[in-house]
Amino acid sequence: MRLLLLAPPGAGKGTQGWVLSHRLDVAHLSSGDLLRERAEARDSCAQLIREHQMQGDLVPDALVLEVLAPKVLHAAAAGGFIVDGFPRNVQQAEVAADLAAKHGVTVDAVVYLHAAAEVLVQRLLARAEREGRSDDTPQVIRHRLDVFERETSPLVSYYRKRGVLLAVDADRPPEQVTADILDRLAELTPGHRAP
Ligand code: ADP
């Protein structure tokens, strides 16, 4: 199974990505986590990533692809993946599509988790108290939601037009969201139902 998770901040793509990767027995690749990991190095690329993540801006496409592409291609060859947080703009989607075609990799579905803005803000503020992520301040949260609207939301129609979008209501308890996604995937690809 090869899935992309498309979702605004706070919709639960990290949680769903983790659970689904276990249920479907495939690798979970979170672009945010992989970039945070890369940002720990002591070079200029790491510095650039830190600056963009701190502000809630998208990290430059070339850098994102450099970090992510080898891992996704490796996971594709090893049995499948759930990529959460990538692509995040149409440009990334187009480059990824070219790269995937070159390597004969296809995607089974793009799961779009949606919830109202107030729900997202509340969840992110609650997470800020629990985890203290540096980009979970009220101001940066607002900016990340704006960036999603402006840069990432055009991907909803981009993937809908390509017939691979599964839109899922994320304003429900996480187990219900997971069950819904698994049901919808099973309808899409009989035989892939999780044990
Ligand atoms: P959230 O969706 O809650 O913002 P993520 O961990 O997915 O959390 O992303 C955190 C930050 O990492 C983003 O604000 C952005 O700076 C960077 N990032 C993650 N994925 C991408 C991507 N595909 N392209 C550019 N920047 C990204």
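Below or above, wherever it landed, is the structure these notes cover. Just so it is clear, the structure is predicted and the values come from calculations on it, not from any experiment. (Residues numbered from 1 in each chain as written. Predicted model: local features only at pLDDT ≥ 70, side-chain atom pairs only at ≥ 80, totals over all residues. Heavy atoms only, no water.)

Take the site of the ligand next. Contacts to the ligand come from 20 residues, most closely from Lys13, Ser31, Gln53, Asp57 and Arg144. Within the side chain of Arg36, an N or O atom sits 2.9 Å from an oxygen atom of the ligand. Between the ligand and Arg133 there is a distance of 3.1 Å, counted from an oxygen atom to a side-chain nitrogen or oxygen. With the chains in place, 98% of the 550 Å² that the ligand exposes on its own is no longer accessible. The set of elements that each furnish at least two residues to the shell around the ligand consists of helix 2 (31-38) and helix 3 (44-55). A per-element tally of the shell around the ligand places helix 2 first, with four residues. (Near = heavy atom within 4 Å. Polar contact = N/O pair within 3.5 Å; in protein donor to acceptor, adjacent residues only side chain to side chain. Areas by Shrake-Rupley, 256 points an atom, 1.4 Å probe, with all protein chains shown as cover. Helix = DSSP H or I, 4+ residues; strand = E, 2+ residues; numbered from the N terminus.)

Once that is clear, we can look at the nonpolar core. Within the largest apolar cluster, 30 residues are counted, with the highest numbers of intra-cluster contacts made by Leu6, Leu29, Phe81, Val83, Tyr159 and Leu165. Among the secondary structure elements, those contributing two or more residues to this core are strand 1 (2-6), helix 2, helix 4 (61-77), strand 3 (81-84), helix 5 (90-103), strand 4 (109-114) and helix 8 (154-161). Discounting residues that sit within four places of it in the chain, Leu165 has contacts with Leu6, Val110, Tyr112, Val156, Tyr159 and Arg160. Residues Met1, Leu5, Leu20 and Leu185 belong to the second largest nonpolar core, which totals 23 residues. (Core = buried A, V, L, I, M, F, W, Y, C linked by side-chain atoms within 4.5 Å. Buried < 20%, exposed > 50% of the residue type's maximum accessible area, 1.4 Å probe, protein only. Contact = heavy atoms within 4.5 Å.)

A separate point is the packing of aromatic side chains. Across all of its chains, the model carries one aromatic pair by this definition. Consider the rings of Tyr158 and Tyr159, whose centres lie 4.9 Å apart with planes at 85 degrees: the pair is edge-to-face. Considered together, Tyr158 and Tyr159 belong to a single accessibility category, that of buried residues. Geometry around Tyr158 places Arg162 over its ring, the cationic atom sitting 3.6 Å from the centre. (Phe/Tyr/Trp six-rings, centres within 6.5 Å; stacked < 30°, edge-to-face > 60°. Lys NZ or Arg CZ within 6 Å of the ring centre and 35° of its normal.)

Attention now goes to the pattern of salt bridges. Taken as a whole and judged by the stated rule, the model has nine salt bridges. Notably, a salt bridge pairs Asp108 with Arg2, separated by 3.9 Å at the nearest N-O pair. Residue Asp108 is located in the loop between helix 5 and strand 4, and its partner Arg2 is located in strand 1; the two are separated by 106 residues in the primary sequence. Look at Arg2 and you get partly exposed, because its relative accessible area is 21%. Between Arg150 and Glu151 there is a salt bridge; the shortest N-O distance is 4.0 Å. Within the structure, one salt-bridge network assembled from shared partners comprises Arg127, Arg133, Asp135, Asp136 and Arg144. (Salt bridge = Lys/Arg side-chain N within 4 Å of Asp/Glu carboxyl O.)

With that out of the way, let us pick up the environment of Asp43. Within the element layout of this structure, Asp43 appears in the loop between helix 2 and helix 3. Assessed through its relative accessible area of 32%, Asp43 is described here as partly exposed. Each C-alpha atom, one on Asp43 and one on Gln92, is 24 Å from the other, the two residues being 49 residues apart in sequence. Among the polar contacts made by the side chain of Asp43, one reaches the side chain of Arg38 at a distance of 2.9 Å.

With four of five residues buried, strand 1 is to be regarded as a mostly interior element. By the bridge criterion, four bridges tie strand 1 to strand 3 in an arrangement that is parallel. Across the sheet, the residue bridging to Arg2 is Phe81, located in strand 3. As judged from the four bridges shared by strand 1 and strand 4, these two strands associate in the parallel manner. The residue bridging Leu3 from the neighbouring strand is Ala109, located in strand 4. (Pairing = 2+ DSSP bridges.)

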